[in-house]
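So the chains spell out like this:
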Amino acid sequence: MNEQISRAESSQGANVAFGEAAKWQSWLDVEAALALSQAELGIIPRDAGPNIAEKAKLDTIGVPRLKVKIQQTMAPVYALSECLAEACGPDGDYVHWGATTQNIVETGRLLVLKQIQAEILQRLDSALRQLCNMATEHAGTIMVGRTNRQNALPITFGFKVAGWIDELLRVRQQLLELEPRLFQLRFGGAVGGFHSLGAEGLALSSALADRLQLYPSLVPNRTSTDPLIEYVTRLSMIGVCCSRLSDELYLLMTEEIAEVQEMLEDKVVGSSTMPHKVNPKYIVELSSLALQLRAKGAAAFSVPSPSHEGDTVTNRLLGLLVEESCRLSLSTIQALNSTLTRISPDVSRMRANYQGSREMMATESLMMALAPSIGRGAAHDRVHALVAEAKCSGRALVEVLNADKLIVEALGNEIIAKILGQDANAGQCETIVLMACSACEKVLAGNNDSSQ
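The structure presented is a predicted model; accordingly, all values stated were derived computationally and were not measured.

Thresholds, definitions, all that
- Here the residue numbering is sequential within each chain, running from 1 through the sequence in written order.
- Whole-chain, interface and lining totals are the exception, using all residues; otherwise, since this is a predicted model, local features are given only for residues with pLDDT of at least 70 and side-chain atom pairs are given and counted only at 80 or more.
- Computation of side-chain values covers all heavy atoms of the structure but excludes hydrogens and water.
- Numbering of helices and strands starts at the N terminus; helices are DSSP runs of H or I of at least 4 residues and strands are runs of E of at least 2.
- For the radius of gyration, the atom set is restricted to C-alpha positions; the globular benchmark scales as 2.2 Å times the number of residues to the power 0.38.
- Note on classification: 1.4 Å probe, protein chains only; a residue is buried when its accessible area is under 20% of the maximum for its type, exposed when over 50%, partly exposed between these limits.
- The contact criterion used throughout is that any non-hydrogen atoms of two residues lie within 4.5 Å.
- We score Asp and Glu as negative and Lys and Arg as positive, and we do not count His or the chain ends.
- Charged groups are reduced to one reference atom each: NZ for lysine, CZ for arginine, CG for aspartic acid, CD for glutamic acid.
- Planes of paired rings set the category: under 30 degrees apart is stacked, over 60 is edge-to-face and the rest tilted, where pairs are Phe, Tyr or Trp rings (Trp by its six-membered ring) whose centres lie within 6.5 Å.
- Take the residue count of a helix, subtract one, and multiply by 1.5 Å to get its expected span.
- Note: the arc covers the axis-to-C-beta directions of the helix.
- Throughout, an axis means a line fitted to C-alpha atoms (over the contacting stretch in the case of helices), and angles, computed between N-to-C directions, take values from 0 to 180 degrees.
- Comment on the angle field: the value is read as roughly parallel under 35 degrees, roughly antiparallel over 145, roughly perpendicular from 65 to 115, and oblique elsewhere.
- Under the scheme applied, nonpolar residues are Ala, Val, Leu, Ile, Met, Phe, Trp, Tyr, Cys and Pro; charged residues are Asp, Glu, Lys and Arg; polar residues are all the others, including Gly.
- For salt bridges, the criterion is a side-chain nitrogen of Lys or Arg within 4 Å of an Asp or Glu carboxyl oxygen.
- A pair of strands counts as paired when DSSP detects no fewer than two bridges linking them.

Visitor: Please explain the overall build of the protein as it appears in this structure.
Guide: Broken down by element type, the protein carries 21 helices and 6 strands. Taken against the 2.2 N^0.38 rule, which gives 22 Å for 452 residues, the C-alpha radius of gyration of the protein at 30 Å runs more than 25% over that of a compact globule. Per-residue burial over the protein gives 48% buried out of 452 residues. Nonlocal contacts in the protein, meaning residues at least 24 apart in sequence, comprise 75% of its contacts between residues at least 6 apart. When the 41 positive and 51 negative side-chain charges of the protein are each reduced to one mean point, those points stand 3 Å apart.

What follows is the structure, encoded as structure tokens:
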């Protein structure tokens, strides 16, 4: 796998969306919608709106001409409005009527972010489908559950995967929940008070929001940074989830555990000096991207507050951070999808690892069976002491238990043998897996009711 090519391809959509051509066209789309809304409300001549909207295309105004004007004026939106006005003839007098640069830039960015958001959700849904298939397939696959990196209780591999599904579903829900705050039109002129539009400003803002399929704002001020900061932090949560998932897989791939493998081509090389090594590839790439993405959350909270009624420095800093976070989000989720297609759980190894500590992992069940006779605390201490005895003496735990009069009298040899027997007590793991997959399938089918 060529990791650099993979990363470039996965963020290609963001590169196009945040490129100069897409940015300029998004501004033209806003200028077009503004002119049409103003024409309908009678703010500008009715014939001017459709003419301006028709001319609001990069091919019409001319990219070379626009670049020259931007270089001359060092004011991109002003340059674009001038080029558009020239293309519209006499109706050009009504281009950019009552608007200010930030109105156009921020609204254009929202149009771009709507495209990016749709792509992020699409890729996230693809990963969730893969995880659901994996969880369903391994709903009953017994493996060792571990806490503090020590063997704890039996679980199923599907149960572990269900935990990843649960996290990603929450992040998906958070991304959808913030849309009314993120995609909120803030159009109010130079400082947000509709000074150039007067009483017609509020009606225009509402009409423009409807036309662009954005949400109206209560106060269209220019210094509200919280929606974009919130968005970056929610995107960074994708990194948090993917980081945990990749870290778990990375640990499960260690040779001492070896319960998961990456399916790689025969000619893949792990080390330039150790021929026997085939190092993880996809998981390493995923982990690297996820860690970078989660760090963007901290960067978002470090963005300085804007001053007074407008601050270009903060706007540009936050805009760049949003672009970087969107690119990383697309790359990270694409890396997740690629990784999941390569993951191969080793069921036989999971079973072997479970068998290696099967008796010890049954001690909680043994304690709970003994507790009604002598109390839970006393049962815990008794079993703990017998486990220590078994480890110290090198004897099998079942042998030590069967030699303990208190436990034999309370439970009997048959119950002891059954508790420590071949069948793993995985609790309700399999049921939980099926519940998680069912909830995920409902979400992917379009039922986003979090109570389901």
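Visitor: Before we go on, may I ask you to explain the side chain of His138 in this structure?
Guide: Along the chain, the position of His138 falls in the loop between helix H8 (101–137) and strand E1 (142–147). Among all residues touching His138, those that are not within four sequence positions of it are Thr156, Phe157, Gly158, Pro345 and Val347.

Visitor: Quick question: what am I supposed to make of the packing of aromatic side chains here?
Guide: A ring pair, where both rings are aromatic, is described by two values, the distance of the centres and the angle of the planes. Enumeration according to the criterion identifies 2 aromatic pairs in this entry. Where Tyr94 meets Trp97, the ring centres are 5.3 Å apart and the plane angle is 40°; that geometry is what we call tilted. The partly exposed category is assigned to Trp97, whose relative accessible area is 33%. Centroid distance Phe157 to Trp164: 6.5 Å. Interplanar angle 85°. Geometry classified as edge-to-face. Like Trp164, Phe157 is buried.

Visitor: Is there a simple way to explain helix H16 (residues 363–374) in this structure?
Guide: For H16, which comprises 12 residues, the first-to-last C-alpha distance of 16 Å matches the rise-based estimate of 16 Å (1.5 Å per residue) to within 8%. Among all positions of H16, only Thr363, Leu366, Met367, Leu370 and Ala371 are buried. Projected down its long axis, H16 shows its buried positions confined to an angular sector of 145°, all on one face. Check the buried side of H16 and you find it contacts helix H17 (376–393), helix H18 (397–402), helix H19 (405–411) and helix H20 (413–419).

Visitor: When you look at the side chain of Lys69 in this model, what are you seeing that I'm missing?
Guide: With respect to the helices and strands, Lys69 occurs in helix H6 (residues 63–73). Exposure remark for Lys69: the relative accessible area of 13% places this residue in the buried category. Setting aside anything within four residues of it in sequence, one finds Lys69 in contact with Met74, Ala79, Glu82, Cys83 and Glu86.

Visitor: When you look at the environment of Met368 in this model, what are you seeing that I'm missing?
Guide: Tracing the backbone shows Met368 in helix H16. Exposure remark for Met368: the relative accessible area of 47% places this residue in the partly exposed category. Considering only alpha carbons, one finds Met368 and His380, 12 residues apart in sequence, at a separation of 8.4 Å.

Visitor: What exactly am I supposed to notice about the packing of helix H9 (residues 157–177) against helix H12 (residues 226–252) here?
Guide: In helix packing, the relevant descriptors are the interaxial angle and the interaxial distance, both defined with respect to the helix axes. Between H9 and H12, the shortest axis-to-axis distance is 9 Å and the interhelical angle comes to 170°. Taken together, the axes of H9 and H12 lie roughly antiparallel to each other. The segment H9 lies against H12, with Phe157, Lys160, Gly163, Trp164, Glu167, Leu168, Val171, Gln174 and Leu175 engaging Tyr231, Arg234, Leu235, Met237, Ile238, Cys241, Arg244, Leu245, Glu248, Leu249 and Leu252. Partitioned by chemical class, the residues of the contact of H9 with H12 number 13 nonpolar, 2 polar and 5 charged.

Visitor: Looking at this structure, I do not really get the pattern of salt bridges. What am I missing?
Guide: Side-chain pairing between opposite charges can occur once the charged atoms of the two side chains come close. Considering all chains together, one arrives at 17 salt bridges under this definition. Between Arg172 and Asp125 there is a salt bridge, with the nearest N and O atoms lying 2.7 Å from each other. With Arg172 in helix H9 and Asp125 in helix H8, this residue pair connects regions lying 47 residues apart in the sequence. For the pair shown, Arg172 and Asp125 are each scored as buried. Across the salt bridge formed by Glu399 and Arg395, the nearest N and O atoms sit 3.4 Å from each other. Residue class for Glu399 comes out partly exposed when judged on its relative accessible area of 42%. Owing to a relative accessible area of 31%, Arg395 belongs among the partly exposed residues under this scheme.

Visitor: What is the right way to read the pairing of strand E2 (residues 150–156) from this model?
Guide: Pairing of E1 with E2, which is carried by 5 bridges, proceeds in the antiparallel orientation. Its bridge partner lying in E2, Thr147 is registered against Gln150.

Visitor: Can you help me understand unusual backbone geometry in this one?
Guide: In this structure, His96 takes a positive phi of about 65° despite not being glycine. Mapping His96 onto the fold places it in the loop between helix H7 (76–87) and H8. We note that Phe194 has phi near 55°; this positive angle belongs to a residue other than glycine. Here Phe194 is to be found in the loop between strand E3 (184–185) and helix H11 (200–212).

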